[in-house]
Amino acid sequence: MQTLESLLSGAVAQAVQAVFNKTIDPASVVFQQTNPQFEGDTTLVVFPYAKAAGKNPEEAGKMLGEYLQAHIADVESFNVVKGFLNLVISNRFWMANFIEASQNESFGTVAPTPESPLVVVEYSSPNTNKPLHLGHVRNNLLGYAVGALLQAAGNHVKLVNLVNDRGIHICKSMLAWQKLGNGETPESSGMKGDKLVGKYYVEFDKHYKAEIAALLANGKTQDEAEKQAPMMTEAQEMLRQWEAGNPEVKALWEKMNAWVYAGFESTYKAMGVRFDKFYYESQTYLLGKSIVEEGLQSGVLQKRTDGAVILNLTAEKLDQKVLLRSDGTSVYMTQDLGTAVERRKEFPFQKHIYVVGNEQEHHFKVLKIALAKLGHAWADGLHHLSYGMVELPEGKMKSREGTVVDADDLIASMEAEAFALIEEKGIDKDMATAEKEKLAHQIGMAALKYFLLKVDPKKKMMFNPKESIDLQGNTGPFIQYTVVRIRNIWRKSGLTALPAFPATVTVHPKEKELLKLLDQFPAVIQNAAANYSPAVMAMYCYDLAKTFNQFYDLHDVLHETNQDMQHFRMVLIKRVANAIEMGMAMLGIEMPERM
RNA sequence: GGUUCCGUAGCUCAGUUGGAUAGAGCAGCUGCCUUCUAAGCAGCCGGUCGGGGGUUCGAAUCCCUCCGGAGCCGCCA
């Protein structure tokens, strides 16, 4: 299979040499999409070459076009508009690629070999003191999709989750439950475990605030009140007890964490994400100290006069970073250093992706530099996939103000909306309720996932809870609908295998558009993976679906009387469905049989 | 104070390393179901690409500056 670029870039370099007597690097030759209002399949911008040759662009374009047409059989014709050389590529070229691709069920993906790089993707990484919300949903969907894209692009991928199961925040929930819970359990309350624990986290905050108010009324300063409030001092004491291994505290911690995990598991299942391995901070938070000690020995790190161990990053314009407190205890960074080193021993990765919000950009920048300075060359392969926050019309989600969009609620509302639409469309006549619910889940999740993944991960995005997510237009369900249309045609055709057709079959313009789009699929996978951007794949699938629907409106498949043409179309639409299915699967989105 | 990112149609977003008359969806208005599922297709409406300079044959894209918004710079996580 030959790509358009490989066909042309060398030839352009030759043409420039032959026509203008200038030497250029074939790799520097770039093509762009031809403006739809002109004829052509690809376009060369000739300004740079015209300038070098001292010709006017129009004339230079004509000379290059003539050379290419004479020397490359698949360059059928050309036209020059201003400085743009539009090349028309023969149907033979597109058809040959198409036929080759249609033989291969997994066309576009690259199967990893034993030599392929190993990439670890760490994502989700929730705290165990409250339920998952919309921000976590974006994180989870991104992490899963990026993993799938990297895999499709030919990497070995491990998906891991580092659960933050310890610390003061968990102790807050534990303390509030102990004081106010009256032994309430998920069973007794009928609440999901993570919701129950989250409820006590809120309770803690409520009581803590009340205590602060009381202390302020007694003349304490804000700072004193916050530090002296009994809820806080008791939570801190509980954390000390936890670290000291107090059996009662540990038992409570294990009990409540187990509730949370059961809750998370059901949310993960609904989202369709998975992990190859879970890590828990309770088991990793002490890592890293020895690394800091070594760094001190080797002189990379310094001990400050107050006893704290620091990494001096003033040369990088980043200040200094404390890695061990003056009392010898570790900070978050210490733990992350240790975790990274251990992780690398366990999985000798070429790349390690951290899917974490952009508020931690500074942290990961420092982490990478610190590891490199400590002599770990592999630190170069660490990458912070820094995604933007999901914002509401009134700004950031704030748990204290009750504006947090709960993940389970959101999923349920999407399913309900899809369910209502299924009934409204009346496609549910012969469907059992369970089947309808499954379909509603598929459609609702497609809408939600596509909504969150179609936006460039790096950018912050807006979600308005008052307006439900669309099911029409540039959406997941629209793309699903496209595949369902194709499956429907195939079902009715009665065919089970790809029919044969001659490569010389007539190709209409809309069909050629589809051939060209399908030809891009492998490059889209590579592009999306290289940029860690599911949005690239989402847009491609939309383009393909949109173009198919235009084709569907223009041309009939089942009623086409010319058999060669019908067979070609059957294969064409099969390939369209196949590419969309694969691409959407990389986004974690399923395609239903009917809708 | 230092630093990073963002500002494109009423709303949500695309716009490859600078390239042709800046594109989609939603919302609004028109058409198209006796023909493979209308969650579709076609059309209309909608823009001083935050403002102003500069570089360039060419700028939404690069540089400077101003305005507006967000993040980070902790012996928190």
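What you see is a predicted model; the values in this text were computed from it and never measured.

Q: What should I look at first to understand the domain arrangement of chain A in this one?
A: In many reports, interface size means the accessible area that the parts give up when they come together. Per the domain assignment, the segments making up chain A are domain 1 (4-89) and domain 2 (407-586). Relative to domain 2, the C-alpha centre of domain 1 lies at a distance of 35 Å.

Q: Help me understand the sheet that holds strand E4 (residues 84-89) in this model?
A: Note on sheets: strands pair through backbone hydrogen bonds, and any given pair is parallel or antiparallel. Here we have four strands laid out as an open sheet, ordered E1-E2-E4-E3, and antiparallel in their pairing. The open sheet is flanked by strand E1 (31-32) and strand E3 (75-81), the only strands paired with a single partner. Bridging between strand E2 (residues 42-45) and E4 involves four bridges; their strand directions are antiparallel. Bridge pairing in E4 links Thr-42 to Leu-87.

Q: Just to check I follow, could you spell out the sheet that holds strand E12 (residues 382-387) for this structure?
A: An order of E7-E6-E5-E11-E12 is seen for the five strands of this open sheet, with the pairing classed as parallel. Of all strands in the sheet, those bounded by a partner on one side alone are strand E7 (277-280) and E12. Each adjacent strand pair in this sheet contributes to an overall mean axis angle of 25°, direction not counted. With six bridges connecting them, strand E11 (residues 351-357) and E12 associate as parallel partners. Each bridged residue has a counterpart across the sheet, and for Val-355 the counterpart in E12 is Leu-385.

Q: Teacher, can you tell me more about the pattern of salt bridges here?
A: One side chain can pair with another of opposite charge once the charged atoms of both are near each other. If you walk through the whole model with that rule in mind, you get 29 salt bridges. The salt bridge involving Lys-192 is made with Asp-194; its shortest N-O contact spans 3.1 Å. A relative accessible area of 0% means that Asp-194 is categorised as buried. Because the salt bridges share partners, they merge into one network encompassing Lys-192, Asp-194, Lys-195, Asp-406 and Asp-408.

Q: Looking at this structure, I do not really get the packing of aromatic side chains. What am I missing?
A: For any pair of aromatic rings, the description rests on two quantities: the centre-to-centre distance and the angle between the ring planes. In this structure the tally under the stated criterion is 22 aromatic pairs. Among the aromatic side chains, those forming a connected cluster through ring pairs are Tyr-123, Tyr-261, Phe-264, Tyr-268, Phe-275, Phe-278 and Tyr-280. Its guanidinium or amino end placed over the ring of Trp-242, Lys-250 lies 4.1 Å from that ring's centre, counting from NZ or CZ. The ring of Trp-490 has Lys-574 lying over it, and the distance from NZ or CZ to the ring centre is 4.4 Å.

Q: Mind showing me how you'd approach the protein's contact with RNA strand B here?
A: Close contacts around RNA strand B come from 65 residues, with Phe-84, Asp-306, Lys-425, Tyr-481 and Asn-488 the closest. Protein-proximal atoms of RNA strand B, defined as those within 4 Å of the protein, fall in sugar or phosphate at a share of 64%. Thr-43 places a polar side-chain atom, nitrogen or oxygen, 3.0 Å from a base nitrogen of RNA strand B. In terms of residue class, the surface near RNA strand B is made up of 28 nonpolar, 19 polar and 18 charged.

Q: I'm lost on the pairing of strand E5 (residues 118-122) in this one. Help?
A: Look at any regular strand and the pattern is simple: side chains alternate between the two faces of the sheet. Across the five residues of E5, five count as buried, placing the element largely inside the fold. Every second residue of E5 is oriented toward a common face, with Leu-118, Val-120 and Glu-122 on one face and Val-119 and Val-121 on the other, all of them buried. Looking at chain direction, E5 and strand E6 (residues 156-163) are connected through five bridges and run parallel. Bridge pairing in E6 places Val-121 opposite Leu-159. Note on the crossover from E5 through helix H5 (residues 134-152) to E6: the handedness is right-handed. Here four bridges tie E5 to E11, and the two strands are oriented parallel to one another.

Q: Whenever I open this one, the side chain of Ser-386 confuses me. Can you help?
A: Considering the arrangement of structural elements, one finds Ser-386 in strand E12. There is a polar contact of 2.6 Å between the side chain of Ser-386 and the side chain of Glu-361. The contact partners of Ser-386, leaving out residues within four places of it in the chain, are Val-356, Gly-357, Asn-358, Glu-361, Pro-457 and Lys-458.

Q: Would you mind going over helix H1 (residues 4-20) with me for this structure?
A: Two residues of an α-helix separated by three or four positions point the same way, owing to the 3.6 residues in each turn. Here H1 spans 23 Å end to end across 17 residues, near enough to the 24 Å set by a 1.5 Å rise per residue. Taken together, the buried positions of H1 are Leu-4, Leu-7, Leu-8, Ser-9, Ala-11, Val-12, Ala-13, Ala-15, Val-16 and Phe-20. Just past H1, the residue Asn-21 takes up positive phi, approximately 60°.

Here is what the cut-offs are and how they apply
- Residues numbered from 1 in each chain as written.
- Chains lettered and ligands numbered in written order.
- Predicted model: local features only at pLDDT ≥ 70, side-chain atom pairs only at ≥ 80, totals over all residues.
- Heavy atoms only, no water.
- Domains from an automatic or database assignment.
- Pairing = 2+ DSSP bridges.
- Helix = DSSP H or I, 4+ residues; strand = E, 2+ residues; numbered from the N terminus.
- Axes fitted to C-alpha atoms, helices over the stretch in contact; angles between N-to-C directions.
- Salt bridge = Lys/Arg side-chain N within 4 Å of Asp/Glu carboxyl O.
- Buried < 20%, exposed > 50% of the residue type's maximum accessible area, 1.4 Å probe, protein only.
- Phe/Tyr/Trp six-rings, centres within 6.5 Å; stacked < 30°, edge-to-face > 60°.
- Lys NZ or Arg CZ within 6 Å of the ring centre and 35° of its normal.
- Near = heavy atom within 4 Å.
- Polar contact = N/O pair within 3.5 Å; in protein donor to acceptor, adjacent residues only side chain to side chain.
- Nonpolar A, V, L, I, M, F, W, Y, C, P; charged D, E, K, R; others polar.
- Right-handed = clockwise from strand over helix to strand, strands pointing away.
- Contact = heavy atoms within 4.5 Å.
- Expected span 1.5 Å × (residues − 1).

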